[in-house]
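What follows is the residue order along each chain.
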Protein chains: 4
Amino acid sequence: MLDSVPDNSEPKVTTRGRPRSERARRAILGAAAEVLAEQGLRAMTIEEVATRAGVGKATIYRGWSSKGTLALEAFLDEFLSTQPPIDTGSIEGDVRSALQAWVETVNGTTTGRSLVGLIAEVQLDPELGVAWHHDFVDVVRGQHRRMVDRAIARGELPRGSDVDIMMDLIYGPAYHRLMQGHLALNQEFVELVTAMVVAGAKAGAAVPRVGTLG
Amino acid sequence: MLDSVPDNSEPKVTTRGRPRSERARRAILGAAAEVLAEQGLRAMTIEEVATRAGVGKATIYRGWSSKGTLALEAFLDEFLSTQPPIDTGSIEGDVRSALQAWVETVNGTTTGRSLVGLIAEVQLDPELGVAWHHDFVDVVRGQHRRMVDRAIARGELPRGSDVDIMMDLIYGPAYHRLMQGHLALNQEFVELVTAMVVAGAKAGAAVPRVGTLG
Amino acid sequence: MLDSVPDNSEPKVTTRGRPRSERARRAILGAAAEVLAEQGLRAMTIEEVATRAGVGKATIYRGWSSKGTLALEAFLDEFLSTQPPIDTGSIEGDVRSALQAWVETVNGTTTGRSLVGLIAEVQLDPELGVAWHHDFVDVVRGQHRRMVDRAIARGELPRGSDVDIMMDLIYGPAYHRLMQGHLALNQEFVELVTAMVVAGAKAGAAVPRVGTLG
Amino acid sequence: MLDSVPDNSEPKVTTRGRPRSERARRAILGAAAEVLAEQGLRAMTIEEVATRAGVGKATIYRGWSSKGTLALEAFLDEFLSTQPPIDTGSIEGDVRSALQAWVETVNGTTTGRSLVGLIAEVQLDPELGVAWHHDFVDVVRGQHRRMVDRAIARGELPRGSDVDIMMDLIYGPAYHRLMQGHLALNQEFVELVTAMVVAGAKAGAAVPRVGTLG
DNA sequence: TGTTAAACGAGACGGTACGTCACGTCTTCCG
DNA sequence: CGGAAGACGTGACGTACCGTCTCGTTTAACA
């Protein structure tokens, strides 16, 4: 979907203006992160965030259109900082490292639990979806895409590889287990997915592209 | 409907007794399905379902512990009936057919939209998670597992294949696109996933199994 | 306007149904009377009444359409019980006694202060005006009217006397001082008004009724 | 406008300084009068006045301490200009003319409705009461007092007449009907009150003055 | 004429109360 | 006597204004 790195030097999580006072903005995001970590997204209320931040509710509504957009912004920096840039030199090493970092965050941090709650919220709040795509999906997929692009450039993967499918094969199973909770996200999972995806990608170049679609 | 679902001749979606009167039960589930299709899970309220069903709210609470469990039951039969038993004779054919049926439901029906809402709700309501696993995840994965087992039995896939990872590689990308909405769930997606997963599975037998570390 | 005694065996202060539970109704009216006496009508809030009554705000809104109608009902019984039926045998005695009772209530009780607040509120809330007229103005004027009617029957006042004007001459100055606060409502005021009104009424029978009006 | 208003060459409606810029002051009072006429005192908000006047809220608060004091000043000149100085030569003529002018204003103009709202507001806002007495009650009663004083000087009324009671008997019924709304303020009312008050006043000289009791 | 301090418009801020909604429980009363 | 109807206590919602407080920007008096 997006190939170039999104130029969002600052997130566009809200559709509204942000608070004039940096003090209020920081207090709100800090309180939101706190409540999010303690109680989860469902239990988080604007009223409690306002109280903890020492801020009027209206000030929050002035800056964020919903609980979701606020939680998203509170979540973003923290999560992204746990997903380091990765470049091991081989596609297999890159995939393994990226999955490992993701699994560790998801299993070990409150930020990981917020991720689950936010993905859920996005399904239920269409407006939040817009911000989610711009500030999370596009950003994260941009990083992953560069990983796969490098592998193609190195000749590790066939030139005609479908990068999007590659990315979905790597992270799809991970998000699937995260959301359905049917099996553990552990080291074995990381190894197996890495092995199968890399094997499939190297073997799968010959896939006949169907003609009915672009 | 299902090619021999294990033992749940009747779903265990609720932890409570069900309404004494079958009439009320049908009216409630019908009204719930209606509201679910029209307005989605977030907008559905117990009050509206009760009104439409011509039933007291207490009667609903007697049978279902939350909006989620009610929606789950209203969703289940309908969704599962759209996922027919599959046995084309080859793993490639089976995977393609299964994904196709899933994609068609998800793209074309209100039931598909309910699926998204329910997965979201499950993340936010732990109690609902129990019912979700018993009545949805286990059932559906049971079907898929038999599909892969048959391929191993036929010798299409190596004997030591990790069936769970296979299943996650097939459906993980699908659910990933469904929840993140970053790319279309179309025929090309079905073909590419089928090809890469089958290629990876056939090639991936040599993967060195890590110990039980994790 | 009204001649016959209004048959309001129970007040019609609200336009809505009243709470089903007598317990809630009593708690609400009690709390309202309390807050009214302590803080006055302006400072009284539905939230505080609800809290003190141990009742949800919605229960109050279910029974009363505004702060005013609630305050009115909380005020009514108490106020009316301070204005005893009067029958001294002479118009002069009756007027003096009635004014005296009124002045004592108004000067000495929190109910008196509520009266001021309610009259003010009625000016600002047209809906409240309807209830005010039915439950207060009509009731009180009915009592006063009987007082004047008896004087006419006794022959103390001329047969053609305008009863409404009489009543306004008695109570008009009183309410005027109450609202404008320019002079004290004391015993001297009662005596002077009584004397002048009775003198005017006895002398004023010969007033030529203007013909331009009914 | 007034037949020599005592000393308030400029009203003391506010306890604060006024806006430095005459332009702002006029814009604010104009906007306030407009909103007052359109929506009444209850619905008038400082925010709307500020917006209409093209002025910051702080500029209003710099000049007036509350909605009431602002409304009072917006109301004053306009109302007083409708109550012309009166001197017909007889007490009866004076009373009739004064009541007539008052009734016409009250029945026919938005200024009349503002009067009601302001009297109400005065009951609920003690601080406003101070300004109200200084700028309205004292001014108006000053006019009326001179009217009665002249009648006494002319010998129409007994020398010992209680001027305050006279004034309350004239205007009390009028304000009473205005606030309670129980009967019309029409020509008949004017005539009857005039007749009865004048009759009472002329006959009532013999009233035994009670001591200073009360 | 150029400088500078004030007053200004705009409106964000921390609050309070509003009136509404849906929750999950409890009560009433009808069939 | 079971269930529909819906009132109940609760608590969060999102809004409206409050009165205060920064912000630049006029604006007008003095240098």
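Thresholds, definitions, all that
- All chains use their own residue numbering, which begins from 1 and follows the written sequence.
- Here chains are named by letter from A upward and ligands by number from 1 upward, in the order in which they appear as written.
- In keeping with the model being predicted, local features are shown solely for residues with a pLDDT of at least 70 and side-chain atom pairs are shown and tallied solely at 80 or more, while totals for entire chains, interfaces and linings include all residues.
- Calculation of side-chain values draws on the structure's entire complement of heavy atoms; hydrogens and water are dropped beforehand.
- The way it works is that DSSP assigns letters per residue, a run of H or I at least four long becomes a helix, a run of E at least two long becomes a strand, and they are numbered from the N terminus.
- Contacts are assigned to residue pairs that have any heavy atoms within 4.5 Å of one another.
- Each accessible area is a Shrake-Rupley estimate made with a 1.4 Å probe; only the visible protein chains count as cover when residues are assessed.
- Each salt bridge in this description consists of a side-chain nitrogen of Lys or Arg and a carboxyl oxygen of Asp or Glu lying within 4 Å of one another.
- We define a polar contact as two N or O atoms separated by no more than 3.5 Å, with the added condition that, inside protein, one atom must be a possible hydrogen donor and the other a possible acceptor, whereas residues neighbouring each other in sequence contribute only through side-chain atom pairs.
- A residue counts toward the fit only if its pLDDT is at least 70 in both copies, and the copies are then superposed by least squares on the C-alpha atoms of those residues.
- Here a residue is near a molecule or strand as soon as one of its heavy atoms is found within 4 Å of it.
- Given the number of residues in a helix, its expected span is that number minus one, multiplied by 1.5 Å.
- The bend at a residue is defined as the angle formed between two axes, one fitted to the seven residues ending at that residue and one fitted to the seven starting there.
- Using a 1.4 Å probe on the protein chains alone, a residue whose accessible area is under 20% of its type maximum counts as buried, one over 50% counts as exposed, and one in between counts as partly exposed.
- Once two parts are put together, the accessible area they lose, assessed with a 1.4 Å probe and summed over both, is termed the buried area.
- Throughout this entry, Asp, Glu, Lys and Arg are counted as charged residues, while Ala, Val, Leu, Ile, Met, Phe, Trp, Tyr, Cys and Pro are counted as nonpolar. The remaining residues, Gly among them, count as polar.
- A pair of aromatic rings is counted whenever rings of Phe, Tyr or Trp (Trp by its six-membered ring) have centres within 6.5 Å, and the orientation is called stacked for planes under 30 degrees apart, edge-to-face for over 60 and tilted otherwise.
- Axis definition: a line fit to C-alpha positions, over the contact stretch in the case of helices; interaxial angles, taken between N-to-C directions, run 0 to 180 degrees.
- Oblique is the label for any angle not under 35 degrees, not over 145, and not in the 65 to 115 range, which are roughly parallel, roughly antiparallel and roughly perpendicular in turn.
- Comment: arc refers to directions from the helix axis out to C-beta atoms.

1. A closer look at the overall build of chain A
Argument step 1. Of the regular secondary structure elements, chain A holds nine helices and zero strands.
Argument step 2. Secondary structure elements of chain A occur, N-terminal to C-terminal, as α-α-α-α-α-α-α-α-α.
Argument step 3. Looking at chain A alone, contacts between residues at least 24 apart form 65% of all its contacts between residues at least 6 apart.
Argument step 4. Accessible area for chain A stands at about 9,000 Å²; split by element, carbon and sulfur atoms hold 52% of it.

2. As for the interface of chain C and chain D
Argument step 1. Listed per partner, the contact involves 51 residues of chain C and 48 residues of chain D.
Argument step 2. Seen at the junction of chain C and chain D, the total is four salt bridges.
Argument step 3. For the salt bridge of C:Arg42 with D:Glu121, the shortest nitrogen-to-oxygen distance reads 2.9 Å.
Argument step 4. For the interface between chain C and chain D, the tally reads 14 residue pairs in polar contact (both at pLDDT 80 or more).

3. Let's talk about the relation of the copies chain C and chain D
Argument step 1. Once chain C has been moved 0.0 Å along the axis and rotated by 179°, it coincides with chain D to within an RMSD of 0.1 Å. Such a turn and shift between the copies fits a two-fold axis.
Argument step 2. The share of interface residues of chain C whose copies in chain D are also at the interface is 94%, consistent with both copies meeting through the same surface.

4. A few points about the protein's contact with DNA strand F
Argument step 1. Surveying the vicinity of DNA strand F reveals 29 residues, the closest of which are A:Lys57, A:Tyr61, B:Thr59, C:Arg62 and D:Tyr61.
Argument step 2. The share of sugar and phosphate among atoms of DNA strand F within 4 Å of the protein is 66%.
Argument step 3. The backbone of B:Gly54 places a nitrogen or oxygen atom 3.4 Å from a sugar or linking oxygen of DNA strand F.
Argument step 4. Between D:Tyr61 and DNA strand F, the recorded distance is 2.5 Å, taken from a side-chain N or O atom to a phosphate oxygen.
Argument step 5. At the level of secondary structure, the elements contributing two or more residues to the surface near DNA strand F comprise helix H2 (46-53) and helix H3 (57-63) of chain A, helix H3 (57-63) of chain B, helix H3 (57-63) of chain C together with helix H2 (46-53) and helix H3 (57-63) of chain D.

5. Some thoughts on helix H7 (residues 126-153) of chain B
All names here are of chain B.
Argument step 1. For H7, with 28 residues, the first-to-last C-alpha span of 37 Å sits near the 40 Å given by 1.5 Å per residue.
Argument step 2. Helix geometry: H7 is bent most strongly at Trp 132, by close to 45°.
Argument step 3. Where H7 begins, the capping side chain belongs to Asp 125, and its oxygen is found 3.1 Å from the backbone nitrogen of Glu 127.
Argument step 4. Looking one or two residues beyond H7, the residue adopting positive phi is Gly 155, at roughly 85°.

6. Some points on the pattern of salt bridges
Argument step 1. Taken as a whole, this structure holds 68 salt bridges over all chains when the rule is applied.
Argument step 2. Two residues, A:Glu73 and A:Arg25, come together in a salt bridge whose shortest N-O distance is 2.7 Å. Of this pair, A:Glu73 sits in helix H4 (residues 67-82) while A:Arg25 is found in helix H1 (residues 22-43), placing the two residues 48 residues apart along the sequence. Across the pair, A:Arg25 and A:Glu73 agree in class, each one buried.
Argument step 3. As a salt-bridge pair, B:Arg26 and B:Glu22 come within 3.7 Å of each other at their nearest N and O atoms.

7. Brief notes about the environment of D:Leu70
All names here are of chain D.
Argument step 1. As for its position among the elements, Leu 70 is in helix H4 (residues 67-81).
Argument step 2. Here the alpha-carbon distance between Leu 70 and Ala 32, two residues 38 residues apart in the chain, equals 7.3 Å.
Argument step 3. In contact with Leu 70, other than residues within four places in its own chain, are Ile 28, Leu 29, Ala 32, Met 44, Ile 46, Val 49, Ile 60 and Trp 64.

8. Notes on the interface of chain A and chain B
Argument step 1. With 51 residues of chain A at the contact, the number on the chain B side is 49 residues.
Argument step 2. Of all residues in chain A, A:Leu124, A:Gln180 and A:Met196 bury the most surface against chain B, accounting for 15% of the area lost on that side.
Argument step 3. Joining chain A to chain B, the criterion identifies four salt bridges.
Argument step 4. The shortest N-O distance in the salt bridge between B:Asp168 and A:Arg177 comes to 2.5 Å.
Argument step 5. At the boundary of chain A with chain B, the tally comes to 14 residue pairs in polar contact (both at pLDDT 80 or more).
Argument step 6. Of all the secondary structure elements, the ones that give two or more residues to the side of chain A that touches chain B are helix H6 (110-124), helix H7 (126-153), helix H8 (163-180) and helix H9 (187-203) of chain A.
Argument step 7. Top element by residues in the side of chain A that touches chain B is H8(A). It accounts for 14 residues.
Argument step 8. Looking at the side of chain A that touches chain B, its residues break down into 28 nonpolar, 13 polar and ten charged.

9. Here's the deal with the relation of the copies chain A and chain B
Argument step 1. When chain A is brought onto chain B, the operation consists of a screw motion whose angular component is 180° and whose axial shift is 0.0 Å, with 0.1 Å RMSD remaining.
Argument step 2. When the interface residues of chain A are mapped onto chain B, 96% of them again fall at the interface, so both copies present the same face.

10. A few points about the packing of aromatic side chains
Argument step 1. Across all of its chains, the model carries 32 aromatic pairs over all chains by this definition.
Argument step 2. Taking 6.5 Å as the distance between ring centres and 80° as the angle between the ring planes, the aromatic pair formed by A:Trp102 and A:Tyr171 counts as edge-to-face. In this pair, A:Trp102 sits in helix H5 (residues 91-108) while A:Tyr171 sits in helix H8, placing the two residues 69 residues apart along the sequence.
Argument step 3. Among the residues examined, A:Trp102 registers a relative accessible area of 1% and is labelled buried.
Argument step 4. When the ring of D:Phe75 is compared with that of D:Phe79, the centres are 5.1 Å apart and the planes differ by 20°; the resulting orientation is stacked. Remark: D:Phe79 and D:Phe75 occur in helix H4; sequence separation between them is four residues, near one turn of the helix. Each member of the pair, D:Phe75 together with D:Phe79, is buried.

11. Points about the environment of A:Val193
Argument step 1. Tracing the chain through its elements places A:Val193 in helix H9.
Argument step 2. Accessibility expressed as a relative area gives 1% for A:Val193, which makes it buried.
Argument step 3. The contacts of A:Val193, once residues within four sequence positions are left out, are A:Leu99, A:Leu169, A:Ile170, A:Pro173 and B:Ile165.

12. Some words on the side chain of C:His176
Argument step 1. Within the fold, C:His176 resides in helix H8 (residues 163-180).
Argument step 2. C:His176 gets classed as buried once you look at its relative accessible area, which sits at 7%.
Argument step 3. Residues contacting C:His176, with those up to four places away along its chain left out, are C:Gly181, C:His182, D:Arg141, D:Asp168, D:Tyr171, D:Gly172 and D:Tyr175.

13. A closer look at the environment of A:Ala37
Residue and element names in this part refer to chain A.
Argument step 1. Assignment of secondary structure puts Ala 37 in helix H1.
Argument step 2. We classify Ala 37 as partly exposed; its relative accessible area is 24%.
Argument step 3. The spatial distance from the C-alpha of Ala 37 to the C-alpha of Thr 110 is 5.3 Å, given a sequence separation of 73 residues.
Argument step 4. Apart from residues no more than four positions distant in its own chain, Ala 37 is found in contact with Thr 110 and Arg 113.

14. With respect to the packing of H5(A) against H6(A)
All names here are of chain A.
Argument step 1. The N-to-C vectors of H5 and H6 enclose an angle of 90°; their axes lie 5 Å apart at closest approach. By the angle between their directions, the pair H5 and H6 is classed as roughly perpendicular. In this structure, H5 uses Trp 102, Thr 105, Val 106 and Gly 108 to contact H6, whose residues at the interface are Thr 110, Gly 112 and Leu 115.
Argument step 2. In terms of residue class, the contact of H5 with H6 is built from three nonpolar, four polar and no charged.

15. A short note on helix H2 (residues 46-53) of chain B
All names here are of chain B.
Argument step 1. Residues of H2 that are buried include every one of Ile 46, Val 49, Ala 50 and Ala 53, and no others. What you see down the axis of H2 is that its buried residues fit within an arc of 100°, all on one side.
Argument step 2. Of the surrounding elements, those touching the buried residues of H2 are helix H1 (22-43), H3 and helix H4 (67-80).
Argument step 3. Phi turns positive one or two residues past the end of H2, at Gly 54, with a value near 65°.

Geometric descriptors of this kind do not, in isolation, establish any biological role.
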